[in-house]
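Working through the structure, step by step
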Amino acid sequence: MSLRDDAMKVRENAYAPYSKFKVGAAVRATDDIVHQGCNVENIAYPEGTCAEAGAIAAMCAAGGSRDIAEVYVIADSPTPVPPCGGCRQKLAEFGKADTPVTLATVDGAEFKTTIGDLLPGMFDASHMVRT
């Protein structure tokens, strides 16, 4: 399966009874293993979990590589849906600035970008070298 297929498939597992807005994400780690995540809402907003965060958690839980090589995010939206600010920082934690990110719609529209373009001026470990 392609990264798109993985994200599309897991999107169907989203728990979105309040917004009805299902999002799926797939991240390919540098060891070539794909990890999936979907959004999980909670009646006590904002206690839900985004699809990107779920995929990153699955990657960490798997115990393999913790370095993201590629990201794919898909939703049923008029245009490709970007990650929220928190997820942009989470992606930056596990990927490099040039890591490719594809944002997509279920209708087939895609927008290709990178983690660095999504989060210019990102906070990273280099800012803490004096601690």
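Residues numbered from 1 in each chain as written. Predicted model: local features only at pLDDT ≥ 70, side-chain atom pairs only at ≥ 80, totals over all residues. Heavy atoms only, no water.

1. Considering the pattern of salt bridges
- Overall, the coordinates contain four salt bridges when judged by the stated rule.
- One salt bridge connects Asp32 with Arg28, and the closest N-O pair in it is separated by 3.8 Å.
- A salt bridge links Glu110 to Lys112; its shortest N-O distance comes to 3.5 Å.
- Accessibility expressed as a relative area gives 40% for Glu110, which makes it partly exposed.
- Lys112 gets classed as exposed once you look at its relative accessible area, which sits at 59%.
- In the salt-bridge network here, residues are joined through shared partners; they are Arg28, Asp32 and Glu70. (Salt bridge = Lys/Arg side-chain N within 4 Å of Asp/Glu carboxyl O. Buried < 20%, exposed > 50% of the residue type's maximum accessible area, 1.4 Å probe, protein only.)

2. Describing the packing of aromatic side chains
- A complete count under the given rule lists one aromatic pair for this structure.
- Summarising the aromatic geometry, the rings of Tyr18 and Tyr45 are spaced 6.3 Å apart at their centres and angled 70 degrees between planes, so their arrangement reads as edge-to-face. Of the two residues, Tyr18 is situated in the loop between helix H1 (3-11) and strand S1 (23-29) and Tyr45 in the loop between strand S2 (34-38) and helix H2 (51-62); the sequence distance between them amounts to 27 residues. (Phe/Tyr/Trp six-rings, centres within 6.5 Å; stacked < 30°, edge-to-face > 60°. Helix = DSSP H or I, 4+ residues; strand = E, 2+ residues; numbered from the N terminus.)

3. A word on the sheet that holds strand S5 (residues 110-114)
- Spatially, the five strands line up as an open sheet ordered S2-S1-S3-S4-S5, and their pairing is mixed. Each end of this open sheet is capped by a strand with a single partner; those strands are S2 and S5. Taken over all neighbouring pairs, the strand axes of this sheet differ in orientation by 15 degrees on average, direction set aside.
- Two strands pair when backbone bridges link them, and strand S4 (residues 100-105) and S5 are joined in this way by five bridges, in the antiparallel orientation. Along S5, the bridge assignment pairs Thr102 with Lys112.
- The sheet strands contacting H1 are S1, S2, strand S3 (68-75), S4 and S5, and the helix crosses S1 at an angle near 140 degrees. (Pairing = 2+ DSSP bridges. Axes fitted to C-alpha atoms, helices over the stretch in contact; angles between N-to-C directions. Contact = heavy atoms within 4.5 Å.)

4. As for the packing of H2 against helix H3 (residues 85-94)
- Between H2 and H3, the shortest axis-to-axis distance is 9 Å and the interhelical angle comes to 30 degrees. Considering the angle they form, H2 stands roughly parallel to H3. Regarding H2 and H3, the two cross each other, and that crossing is left-handed. Contacts between H2 and H3 involve Glu52, Ala53, Ile56, Met59 and Cys60 on the former and, on the latter, Cys87, Lys90, Leu91 and Phe94.
- Residue composition of the contact of H2 with H3, grouped by class: seven nonpolar, no polar and two charged. (Parallel < 35°, antiparallel > 145°, perpendicular 65-115°, else oblique. Left-handed = near helix turned anticlockwise from the far one by under 90°. Nonpolar A, V, L, I, M, F, W, Y, C, P; charged D, E, K, R; others polar.)

5. So, the side chain of His35
- Within the fold, His35 resides in strand S2.
- Once you skip the residues sitting within four places of it in the chain, His35 turns out to touch Ala25, Ala26, Val27, Ala29, Ala55, Ala58, Met59 and Ala62.

6. Looking at a nonpolar patch on the surface
- Together, Tyr15, Tyr18, Val40, Ile43 and Tyr45 make up an exposed nonpolar region whose accessible area comes to about 540 Å².
- A relative accessible area of 37% places Tyr18 in the partly exposed class. (Patch = residues over 30% accessible without salt bridge, like charges linked within 9 Å, V, L, I, M, F, W, Y side chains within 5 Å. Areas by Shrake-Rupley, 256 points an atom, 1.4 Å probe, with all protein chains shown as cover.)

7. Concerning the state of the cysteines
- Here the structure, examined in full by the defined rule, presents zero disulfides.
- Cys84 takes part in no disulfide bond, and the closest cysteine sulfur to it belongs to Cys87, at a distance of 3.8 Å.
- Judged by its relative accessible area of 37%, Cys84 falls in the partly exposed class.
- Cys87 carries a free sulfur, and the closest cysteine sulfur to it, the one in Cys50, is 3.7 Å from it. (Disulfide = S-S within 2.5 Å.)

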